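Secondary and tertiary structure notes
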Amino acid sequence: MKQKIAFSLTLMLCSFFSFAQQIQMPQASPAAKIAQKVGLTDVTVDYSRPSTKGRKIFGELVPFGQVWRTGANGATVLSFSTDVIIGGQTVPAGQYALYSIPEKSDWTMILSKNIKLWGAIDYEQSDDLIRFKAKPEKLNKKAETFEISFANMTDTGSDLSLKWENTRVDFRIETQVDPLVMAQIKEYVIDANTADPSLLYSAASYYYTNSKDMNQAYDWINESVEADPKYWTMHLKAKIEAALGKKTEAVESAEEAIDLAEEAGNQDYVGLNERLIKSLK
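Residues numbered from 1 in each chain as written. Predicted model: local features only at pLDDT ≥ 70, side-chain atom pairs only at ≥ 80, totals over all residues. Heavy atoms only, no water.

With respect to the pattern of salt bridges
Rule in force here: Any carboxyl oxygen of Asp or Glu within 4 Å of a side-chain nitrogen of Lys or Arg constitutes a salt bridge here. Relative accessibility thresholds used throughout: buried, under 20% of the residue-type maximum; exposed, over 50%; partly exposed, between the two (1.4 Å probe, protein chains only).
Under the criterion given, the structure shown has 10 salt bridges. The residue Asp 170 makes a salt bridge to Arg 168 at a minimum N-O spacing of 3.0 Å. Taking relative accessible area as the criterion, Arg 168 reaches 22% and is therefore assigned partly exposed. If you follow the salt bridges from partner to partner, you end up with Asp 159, Arg 172 and Glu 174 in one network.

Shown next as structure tokens:
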């Protein structure tokens, strides 16, 4: 009896190890993940990267007029930490599967709420969040392996660029930066009536950069430099004064910024202020 039990245990252990041990080898379409801060939004893309391997891709391996997984293996998933705008439509924060319908003259891009599918198997149009058009362009250099990347970055947006074989397709992701920043300024600076020089500097800088209320920006930067003058805060004060037409004051502030920058050993800011002074004369 004991021998039978021992034999059974041996069979179970052998069976366990046969399942546990697997041969590892390179994937035909390896998984990839890219992440990018776009404005104030975290955007990530999880996808798989098939290669051409001598095949004709668009119009053959990927037929025109049919829904494509826009990658390989499981769904290509886009994640947004805040609401974004794509194709003129608002996309709430969350995760979405990226599908497409390639055509010769234009592509239909799709964001689906169903991210669990294997490729486009069982894809349902009823799961679509949005559809929008994108124009394909011919690449000068062949892309052997499918690639998704971010391009043409600005403070508020980025293109998402898809490349494979001889084709490139881009679409724009826009984020709502101003409402988020203004809400923070209201909470941390205005409502809190802050005396923190760094917060006052940040608020003044945003107002100056985005051509908002320059007088309010001037009040904030004055409070900041009175509390804790730095070469970068004095430089901003000089720029705001110049924007308000206060040339004499701007030159004085720039000269003070130069002194502070030289003390700190920052020649970049010395040059910035010297060029500002020159532009005011």
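Things to note about helix H3 (residues 197–209)
Stated formally: Comment: elements are numbered from the N terminus, with helices defined as DSSP H or I runs of at least four residues and strands as E runs of at least two. A helix is expected to reach a length of 1.5 Å times the quantity of its residues less one. As used here, the arc belongs to the directions running from the helix axis to the C-beta atoms. Pairs of residues are marked as contacts when any of their non-hydrogen atoms sit within 4.5 Å.
Across its 13 residues, H3 extends 18 Å between first and last C-alpha, which sits within 8% of the 18 Å expected from 1.5 Å per residue. When H3 is considered as a whole, its buried residues turn out to be Leu 200, Ala 203, Ala 204, Tyr 206 and Tyr 207. Looking straight down H3, one finds its buried side chains confined to an arc of 160°; they lie on one side. Looking at the buried side of H3, the elements it contacts are helix H2 (177–190), helix H4 (214–227) and helix H5 (231–243). Downstream of H3 by a residue or two, Ser 211 has a phi angle that is positive, lying close to 55°.

Section: the sheet that holds strand E6 (residues 94–101)
Paired through their backbone hydrogen bonds, the strands of a sheet run either parallel or antiparallel. The test is simple: Paired strands, in this sense, are two strands between which DSSP finds at least two bridges. Every axis in this analysis is a line fitted to C-alpha atoms, fitted for helices over the stretch in contact. Angles between the N-to-C directions lie between 0 and 180 degrees.
Strand order in the open sheet formed by six strands is E1-E2-E3-E6-E7-E8, and the pairing between neighbours is antiparallel. Across the chains shown, the open sheet's two edge strands, defined by having one partner strand only, are strand E1 (31–38) and strand E8 (128–134). Averaged over all neighbouring strand pairs, the angle between strand axes comes to 25°, with direction disregarded. Alignment of strand E3 (residues 76–80) against E6, held across five bridges, turns out to be antiparallel. By the bridge assignment, Leu 78 is partnered in E6 with Tyr 96.

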